[in-house]
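What the coordinates show
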Amino acid sequence: MRRTTTHDSLRPDGLLGPVTVVARGRDLRTALDGASTVLGTARLDLQVDHPERLVRRITGDPSHPGLAALVGMAASAGFRKAVDDAMPGERVSRSVRFQLLDDLPTALLVGGYAVQVGGAVRSRPKLTLQHPDLCAGWVAGGTLVSGFARTGMPPTHTGPEAPSVESTDDPLGWHAFDSLPPHGMRRRRRLDVWKDGEVALVECFFRDSHMDGGGVETIVHEYTVHATFDPSTRRFLSGEADIGALPWPECPNAAASAGRLAGAPAEGLRGWVRGTFVGPSTCTHLNDTLRSLEDVSALVERVDEGKPTVR
């Protein structure tokens, strides 16, 4: 089973204009003979105010009447609870659509990088979610916190160019998405689950990237998480994170936190990671990747049964 998702944060009206978000995802099952079947797809289209991140418009495919209740909500702290209230049962559906909604607040938060690197931030920003020792990148005394304290502005980092992750030999490897325009941000995930005897193997690739004004895409954050999973107990047996490009020298210190996945049940993993993976030994972006593994149990079942994704 392969689940892929992308969140594109676009600024067609300029860096300080509203953000257009296009989020897409797909579940794909591939048999041993190579035959592939799409078991579920989803798409969300939003317009979000900057900088308040208030949802002004949202539509979904598949649609849901509860989406309308999210209009006027801030896609930041409290948004995930608003989704639970407006769309009962969406979380336990393990659907692609829920993963798109769950990833939306942090995808938008990271999307603010485009404003900063584009030179549109000229006054000291008001930080409501970030603080010293929030995570490894925000460790007290570290590069980011020290630079912010010295100048009153977050330091600017430009990562390496982003190599393509699509393969011409595997045209179904990713769902379809559009080219990223200048000043666009993309958050992408690829979650693979396959059986090896009585154990399931898991690989989850994650990347945040930015397209600059000249059409060069660079990496902001990148991790790959490897895990083993016991389908009979629905618990993880191991976990580790490989580090890709990260913005600050202190960020790699968070990679070891993925080992804490060992022994954790898939059920309730999103809440467990959010409540316990805190402080400078962790990374908020790695944490979101670990949270997405709650759906591994459902994907393992579809490896065996080929069930359509619940919508």
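Preceding this section is the structure that the text describes.
So, here's what we can say about the structure. Only a predicted model underlies this, so the values are computations on that prediction, with no experimental measurement involved.

Here we look at the overall build of the protein chain
- Helix and strand counts for the protein chain stand at 7 helices and 8 strands.
- The C-alpha extent of the protein chain, read off along each of the three principal axes, is 55 × 40 × 40 Å.
- With 311 residues in all, the protein chain has 51% of them scored as buried.
- In the protein chain, 59% of the contacts between residues at least 6 apart in sequence involve partners at least 24 apart.
- Total accessible area on the protein chain stands at roughly 13400 Å², and carbon and sulfur atoms take up 54% of it.
- Averaging the positions of the 35 positive and the 38 negative side-chain charges in the protein chain gives two centres separated by 6 Å.

Some words on the sheet that holds strand β5 (residues 185–196)
- Strand order in the open sheet formed by 8 strands is β4-β3-β2-β1-β5-β6-β7-β8, with antiparallel pairing between adjacent strands. Two strands in the sheet have a free side with no partner beyond their single neighbour: β4 (55–61) and β8 (235–243). Along the sheet, successive strands turn relative to each other by an average axial angle of 10°, direction set aside.
- Across 9 bridges, the pairing between strand β1 (residues 2–10) and strand β2 (residues 19–30) is antiparallel. Across the sheet, residue R3 finds its bridge partner in β2, namely D27.
- Relative to the sheet, helix α7 (residues 296–305) contacts β1, β2, β3 (36–48), β5, β6 (199–211), β7 (217–230) and β8, its axis offset from that of β5 by approximately 55°.

Observations regarding the environment of E52
- Among the secondary structure elements, E52 is positioned in the loop between β3 and β4.
- E52 sits 34 residues away from A86 along the chain, and the two C-alpha atoms are 21 Å apart.

A few points about the pairing of β3
- Relative to β3, β2 runs antiparallel, the two being bridged by 12 bridges. Within β3, the position partnered with G25 by the bridge is A42.
- What sits between β2 and β3 in their antiparallel hairpin is a turn of 5 residues, with G34 showing a positive phi close to 95°.
- Bridge count for β3 against β4 is 6 bridges, and the pairing is antiparallel. Paired with L46 across the two strands is I58, which belongs to β4.
- The hairpin turn running from β3 into β4, its antiparallel successor, is 6 residues long, and R53 in that turn takes a positive phi close to 60°.

Procedures and definitions
- Residues numbered from 1 in each chain as written.
- Predicted model: local features only at pLDDT ≥ 70, side-chain atom pairs only at ≥ 80, totals over all residues.
- Heavy atoms only, no water.
- Helix = DSSP H or I, 4+ residues; strand = E, 2+ residues; numbered from the N terminus.
- Buried < 20%, exposed > 50% of the residue type's maximum accessible area, 1.4 Å probe, protein only.
- Contact = heavy atoms within 4.5 Å.
- Areas by Shrake-Rupley, 256 points an atom, 1.4 Å probe, with all protein chains shown as cover.
- Lys, Arg positive; Asp, Glu negative; His and termini not counted.
- Charge placed at Lys NZ, Arg CZ, Asp CG, Glu CD.
- Pairing = 2+ DSSP bridges.
- Axes fitted to C-alpha atoms, helices over the stretch in contact; angles between N-to-C directions.

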